[in-house]
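# A closer look at the structure
For reference, the chains in residue letters:
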Amino acid sequence: MATVRIPPVLRASTGGAKEVGADGSNVGDVLRSLAEQHPATQSQLFGEGGELNRYVNVYLNDEDVRVLDGLDTAVEDGDVLVILPAMAGGGR
Amino acid sequence: MSPVSDLRSRPCGGRYGDIVEAIGNTPLVELKRLSPKPGVRIWAKMESFNPTGSVKDRVARALIEDAEEKGAIRPGMTILEPTSGNTGISLAMICKRKGYPLKVVMPDNVTPERTQLLEMYGAQIVYSPGDQGSNGAVAMALEMAEGDASYYMPYQYGNAANPGAHYHGTAKEILEELDGEVAAFVAGLGTGGTLMGNGRRLKEELGDGVKIVAAEPMQGEPVQGLRSLDDGFIPPIIDLSVLDRKIFVTNRDAIIWTRRLLDEEGVFAGVSSGAIARVAVRIAGELDEGNVVFLVADDGWKYLSSGIYTLPVDEIENLDSTIWW
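Owing to the predicted nature of the structure, the values given are computational and were not obtained by experimental measurement.

## A word on the overall build of chain A
- When its secondary structure is counted, chain A shows two helices and five strands.
- Each helix and strand of chain A, placed in order from N terminus to C terminus, yields the pattern β-β-α-α-β-β-β.
- At 12 Å, chain A has a C-alpha radius of gyration in line with the 12 Å of a compact globule built from 92 residues.
- Taken across its 92 residues, chain A has 39% of its residues classed as buried.
- Counted over contacts in chain A with a minimum sequence separation of 6, partners at least 24 positions apart contribute 49%.

What follows is the structure, encoded as structure tokens:
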């Protein structure tokens with residue numbers, strides 16, 4: 001099982017939970033398992049075609065899955081997924 | 001030995017007609033104590049050696065020279081740019097040298113040194129709400145520029161001259177110094193200019209043999225004014241396909257590694273460089289051999305008032321709410 005960390009903006013959709021345990025062998029499966037447990041997260045995370053919403057970043061062990069294999073990125077037991085709204089950072 | 005060859009000895013870096021010309025050609029310094037294994041060498045590209053102490057000197061020069069070449073800056077116009085610091089300081093120095101008025105839009109929670117440096121170079125500052133971060137500054141500047149034709153906004157987030165400064169400068173210098181042997185390049189993700197410009201050049205020269213890795217700041221948990229997911233802003237110059245990896249670093253880890261750079265290697269760098277160093281060491285640990293180059297984006301002077309170089313990490317005020325990079 002992987003641990004999914006929920007950002008403040010999504011906690012209303014998870015009944016306030018900051019972390020949710022979810023099963024799956026890849027990122028897509030884990031997030032779909034999260035959406036099954038908390039259906040309100042479905043439309044926030046996924047677009048109509050089932051792809052990851054453009055404004056959502058998902059990090060597997062601190063690493064952005066979008067530049068790895070996206071939703072197909074393999075997940076192992078004990079991995080930590082962090083969901084963050086996509087932001088640009090400092091830019092200076 | 002002729003005087004000319006003496007002048008060219010590195011890291012002196014040559015002789016220039018004025019301070020703006022002296023931007024770039026920064027030293028590449030090996031950090032042996034940070035390397036996790038003998039076959040992997042970690043190199044710091046010391047952009048802190050630029051005239052105002054940051055990599056943004058390259059970008060600001062490219063933005064202004066691009067505008068000059070296009071004839072986009074005319075007498076009576078003011079240059080306007082959103083920035084949380086370094087780009088503003090670099091623009092301020094260059095604009096002062098060239099005689100252009102400059103206005104910068106900046107979040108109100110950056111360190112006080114930045115304000116002083118901007119004022120020192122004669123820039124006018126407009127503050128945007130700190131809790132909206134860089135995005136708030138961008139939005140405010142776009143709105144100002146839209147309503148007033150006397151502004152010229154270089155807009156580093158969407159201007160090809162930004163990555164161009166690295167494509168034609170930083171990356172070339174790195175390739176020359178390491179004879180084209182680069183296994184990984186690590187830099188911070190802000191506007192994306194550093195990663196896109198260096199990434200494209202290195203990929204063109206070295207193909208998939210070089211990994212382009214982004215270090216990005218982890219979002220602090222917003223204290224007030226929760227943003228909706230739709231507020232996300234991705235700078236137009238960023239093309240994620242150039243990146244092989246993108247790894248976030250918390251403010252706390254960034255500061256711990258900024259201290260390690262100082263304590264173990266004697267490198268006095270800004271906080272984003274600590275974050276970048278942390279990612280560089282992680283990548284180095286995954287390789288068996290090769291050169292890992294990371295970018296020291298700025299020096300530490302602008303962060304002194306925050307106490308990050310002297311205080312225990314847990315005693316640093318506003319650790320998560322200050323914009324460090």
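Read on for the rest.
## Some details on the confidence of the model for chain A
- Looking at chain A as a whole, its pLDDT mean stands at 89, while 92% of the residues score no less than 70.
- Across residues 87-92 of chain A, where pLDDT falls below 50, the model places 35 contacts with residues more than four positions away in sequence or in other chains.

## Examining the sheet that holds strand S3 (residues 78-82) of chain B
Residues and elements named next belong to chain B.
- With parallel pairing, the four strands of this open sheet are ordered in space as S5-S4-S3-S6. Each having just a single partner strand, strand S5 (124-128) and strand S6 (151-152) make up the two edges of the open sheet.
- Relative to S5, strand S4 (residues 102-107) is paired through five bridges, and the arrangement is parallel. The residue of S5 that forms the bridge with Met 106 is Tyr 127.

## Notes on the confidence of the model for chain B
Residues and elements named next belong to chain B.
- For chain B, the mean per-residue pLDDT works out to 89, and 89% of the residues sit at or above 70.
- Low confidence marks residues 221-231, where pLDDT is under 50. Its contacts with residues over four positions away, or in another chain, come to 21 contacts.
- Per the prediction output, this complex has pTM 0.87; the corresponding ipTM is 0.80.

## Notes on the domain arrangement of chain B
Residue and element names in this part refer to chain B.
- Per the domain assignment, the segments of chain B are domain 1 (3-50 + 166-315) and domain 2 (56-152).
- Each of domain 1 and domain 2 has a C-alpha centre, and these two points are 23 Å apart.
- Contact with domain 1, which involves 23 residues of that partner, is made by 15 residues of domain 2.
- Here the element with the most residues in the side of domain 1 that touches domain 2 is helix H6 (residues 161-177); it accounts for three residues.

## A word on the nonpolar core
Residue and element names in this part refer to chain B.
- Of all hydrophobic cores here, the largest spans 107 residues; its most connected members are Val 186, Ala 280 and Val 292.
- Per element, the largest residue contribution to this core is nine residues, and it comes from helix H9 (residues 271-286).
- Both domains that furnish three or more residues to this core are identified here as domain 1 (3-50 + 166-315) and domain 2 (56-152).
- Those residues in contact with Val 292, other than ones at most four positions away along the chain, are Val 40, Ile 42, Trp 43, Ala 183, Ala 184, Val 186, Ala 280, Ile 283, Ala 284 and Leu 287.

## Brief notes about the packing of helix H2 (residues 56-70) of chain B against helix H3 (residues 86-98) of chain B
All names here are of chain B.
- Orientation of H2 relative to H3, taken along the N-to-C sense of each, is 50°, at an axis distance of 8 Å. In terms of orientation, H2 and H3 fall into the oblique class. Considering only the axes of H2 and H3, their crossing is right-handed. Between H2 and H3, the residues in contact are Lys 56, Asp 57, Val 59, Ala 60, Arg 61 and Ile 64 and Asn 86, Thr 87, Ser 90, Leu 91, Ile 94 and Lys 98, respectively.
- Split by residue class, the contact of H2 with H3 holds five nonpolar, three polar and four charged.

## A word on helix H7 (residues 193-206) of chain B
Residue and element names in this part refer to chain B.
- Taking 1.5 Å of rise per residue, 14 residues should cover 20 Å, and H7 covers 19 Å from first to last C-alpha, within 8% of that figure.
- Within H7, the full set of buried residues consists of Gly 193, Thr 194, Leu 195, Met 196, Gly 197, Asn 198, Gly 199, Arg 201 and Leu 202.
- Residues of H7 that are buried sit in contact with H2, H6, strand S7 (184-188), strand S8 (211-217) and strand S10 (290-296).
- Phi turns positive, to about 60°, at Gly 207, one or two residues after H7.

Analysis parameters
- Residues numbered from 1 in each chain as written.
- Chains lettered and ligands numbered in written order.
- Predicted model: local features only at pLDDT ≥ 70, side-chain atom pairs only at ≥ 80, totals over all residues.
- Helix = DSSP H or I, 4+ residues; strand = E, 2+ residues; numbered from the N terminus.
- Rg over C-alpha atoms; globule rule 2.2 N^0.38 Å.
- Buried ≥ 20, exposed ≤ 12 C-beta atoms within 10 Å, placed from the backbone.
- Contact = placed C-beta atoms within 7 Å.
- pLDDT = per-residue confidence, 0-100.
- Pairing = 2+ DSSP bridges.
- Domains from an automatic or database assignment.
- Core = buried A, V, L, I, M, F, W, Y, C linked by C-beta atoms within 7 Å.
- Axes fitted to C-alpha atoms, helices over the stretch in contact; angles between N-to-C directions.
- Parallel < 35°, antiparallel > 145°, perpendicular 65-115°, else oblique.
- Left-handed = near helix turned anticlockwise from the far one by under 90°.
- Nonpolar A, V, L, I, M, F, W, Y, C, P; charged D, E, K, R; others polar.
- Expected span 1.5 Å × (residues − 1).

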